[in-house]
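# Report on the structure
In case you want the letters, here they are:
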Amino acid sequence: MGAGGGRGGLSVPRLWIGSRAGAGPGRQRVQRCTKMHSDAAAVNFQLNSHLSTLANIHKIYHTLNRLNLTEDVGQDDHQTGESLSKIRRIGSLRSCSSSDCFSKVMPPRKKRRPAAGDDLSAKKSRHDGMYRKYDSTRIKAEEEEVFSSKRCLEWFYEYAGTDDIVGPEGMEKFCEDIGVEPENVVMLVLAWKLDAQNMGYFTLQEWLKGMTSLQCDTTEKLRNSLDYLRSLLNEPANFKLIYRYAFDFAREKDQRSLDINTAKCMLGLLLGKAWSLFPVFHQFLEQQSKYKVINKDQWCNVLEFSRTINLDLSNYDEDGAWPVLLDEFVEWYKGKQMT
């Protein structure tokens, strides 16, 4: 009979019949095996996934460790090893998010401490700043010590008027600033240094020329130079030049001679302390009425007389080439001694 015969034909295996019917015990065993295989595959997949995640986290941690961004390497390595061992012992893993695992393994980030090189750089920067400040102060001081024509010009206009001349009022303030009386002999020496042509006046050209030779461009520098100016009077050659200069400096420019009163003042300024006979000579000039002026020859011979003639006049030659003014003085003085 055919495959689809009746009752008297070959019987169909029960397994197939059961399979087709869906109710046999063999099918249940197959389903259980299939499910166990599927569960094992899922567990292996999750295990491999989490092991891969932890391996990546471990690599990230060591990278951060090399960058000095972690605190304790040994402690975290131990924790990581324990985590891996624990995962291997678990037969099945419950699902967990990668962010949760990362937060458990990743140590807190430590603020980077300044390296030794950073401290040295900071110190060097501070030292450089201090040096620049000191260096600028030193340069400024050096610039102030060096003579400046511009500074000298500005100094001149502190006393000069609109006509570029230091006149009597400016001269008075100038003397006050440098701490010297106008009648002091050092002012005569200063005028000689400036080659001033008129008593009581300094022109711009005279100021710049004289102050440049003295290297003075401020009041303080000139004040510090006063002792040097006074010392010039102690040198015979310079004293003679200053003495001769004083005659032309003090006389009226439209006159060739010096009036007697101005001559007495200037002689007292220059010879008052240097010549022992000056008080007597000054007395002679006060008492005589013949001479109203002193010419330059008489002026220069008075200096020569004070340097060469003894105090008792014993070496004075009446037949010498002395001016009549000095002959009369010697005669007057000898007569005074006799009386």
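See above for the structure.
First, a word on scope: everything that follows refers to the structure included in this document. The structure displayed is predicted, hence computed values, not measured ones.

Another aspect to go through is the overall build of the protein. The number of helices and strands found in the protein is 16 helices and 4 strands. The 339 residues of the protein split such that 30% are buried. Taking all contacts inside the protein whose residues are at least 6 apart in sequence as the whole, residues at least 24 apart take part in 66%.

Let's shift gears to the side chain of Asp 217. Along the chain, the position of Asp 217 falls in the loop between helix H9 (204–214) and helix H10 (219–224). Under the relative-accessibility criterion, Asp 217 is labelled buried at 1%. At 3.0 Å, the side chain of Asp 217 and the side chain of Arg 151 are in polar contact. A polar atom in the side chain of Asp 217 sits 3.0 Å from the side chain of Lys 221.

On to the pattern of salt bridges. Counted according to the given criterion, the structure contains 8 salt bridges. Note that Asp 217 and Lys 221 form a salt bridge whose closest N and O atoms lie 3.0 Å from each other. In this pair, the class of Asp 217 matches that of Lys 221, namely buried. For Lys 264, the salt bridge goes to Glu 286, with nearest N and O atoms at 2.9 Å. Of this pair, Lys 264 sits in helix H13 (residues 260–271) while Glu 286 sits in helix H14 (residues 278–287), and the two are 22 residues apart along the sequence. In this structure Lys 264 comes out as buried when scored by relative accessible area, which is 11%. By relative accessible area, which is 46% here, Glu 286 ends up partly exposed.

With that settled, the discussion passes to the nonpolar core. Counting residues in hydrophobic clusters, the biggest one holds 69 residues, and the most contacted among them are Phe 174, Met 211 and Trp 299. Setting aside residues up to four positions removed in sequence, Trp 299 forms contacts with Tyr 243, Arg 244, Ala 246, Phe 247, Leu 258, Ala 263, Met 266, Leu 267, Leu 270 and Ile 294.

For the rest of this paragraph, the subject is the environment of Asp 163. Tracing the sequence through the fold places Asp 163 in the loop between helix H6 (149–156) and strand E1 (165–166). The sequence separation of Asp 163 and Leu 204 amounts to 41 residues, and the corresponding C-alpha distance is 9.5 Å.

Time to look at unusual backbone geometry. Here the phi dihedral of Asp 164 falls at roughly 60°; this positive angle occurs in a residue that is not glycine. Within the element layout of this structure, Asp 164 appears in the loop between H6 and E1. Phi is positive for Leu 313, close to 65°, though the residue is something other than glycine. Judged by relative accessible area, which is 2%, Leu 313 ranks as buried.

Every buried residue belonging to helix H7 (residues 168–178) is among Gly 170, Met 171, Phe 174, Cys 175 and Ile 178, and all of these are buried. Viewed along the axis of H7, the buried residues span an arc of 135°, placing them on a single side of the element. Summarising the geometry of H7, the exposed residues directed more than 90 degrees from the buried face are Glu 169, Glu 172 and Glu 176. Gly 179 lies just past H7 and shows a positive phi near 75°.

What follows covers a negative patch on the surface. Negative charge collects at one region of the surface, where Asp 317, Glu 318, Asp 319 and Glu 331 lie side by side. On the secondary structure map, Glu 318 appears in the loop between helix H15 (296–308) and helix H16 (324–338). For Glu 318, a relative accessible area of 54% translates into the label exposed.

On to the packing of aromatic side chains. Any two aromatic rings considered together are summarised by their centre-to-centre distance and by the angle between their planes. The tally for this structure, following the rule as stated, stands at 24 aromatic pairs. Between Trp 155 and Phe 174, the ring centres sit 6.3 Å apart and the planes meet at 55°, which makes this aromatic pair tilted. Of this pair, Trp 155 sits in helix H6 while Phe 174 sits in helix H7, and the two are 19 residues apart along the sequence. Each member of the pair Trp 155 and Phe 174 is classed as buried. Between Tyr 245 and Phe 249 the ring centres are 5.3 Å apart and the planes differ by 20°, which places this aromatic pair in the stacked class. With Tyr 245 and Phe 249 both in helix H12 (residues 236–250), this residue pair falls 4 residues apart, about one helical turn. With respect to class, Tyr 245 is no different from Phe 249; both count as buried. Chaining the aromatic ring pairs together yields one cluster made of Trp 275, Phe 281, Phe 284, Phe 305, Tyr 316, Trp 322, Phe 329, Trp 332 and Tyr 333.

Reading the values: rules and limits
- Residues numbered from 1 in each chain as written.
- Predicted model: local features only at pLDDT ≥ 70, side-chain atom pairs only at ≥ 80, totals over all residues.
- Heavy atoms only, no water.
- Helix = DSSP H or I, 4+ residues; strand = E, 2+ residues; numbered from the N terminus.
- Buried < 20%, exposed > 50% of the residue type's maximum accessible area, 1.4 Å probe, protein only.
- Contact = heavy atoms within 4.5 Å.
- Polar contact = N/O pair within 3.5 Å; in protein donor to acceptor, adjacent residues only side chain to side chain.
- Salt bridge = Lys/Arg side-chain N within 4 Å of Asp/Glu carboxyl O.
- Core = buried A, V, L, I, M, F, W, Y, C linked by side-chain atoms within 4.5 Å.
- Arc of directions from axis to C-beta.
- Patch = residues over 30% accessible without salt bridge, like charges linked within 9 Å, V, L, I, M, F, W, Y side chains within 5 Å.
- Areas by Shrake-Rupley, 256 points an atom, 1.4 Å probe, with all protein chains shown as cover.
- Lys, Arg positive; Asp, Glu negative; His and termini not counted.
- Charge placed at Lys NZ, Arg CZ, Asp CG, Glu CD.
- Phe/Tyr/Trp six-rings, centres within 6.5 Å; stacked < 30°, edge-to-face > 60°.

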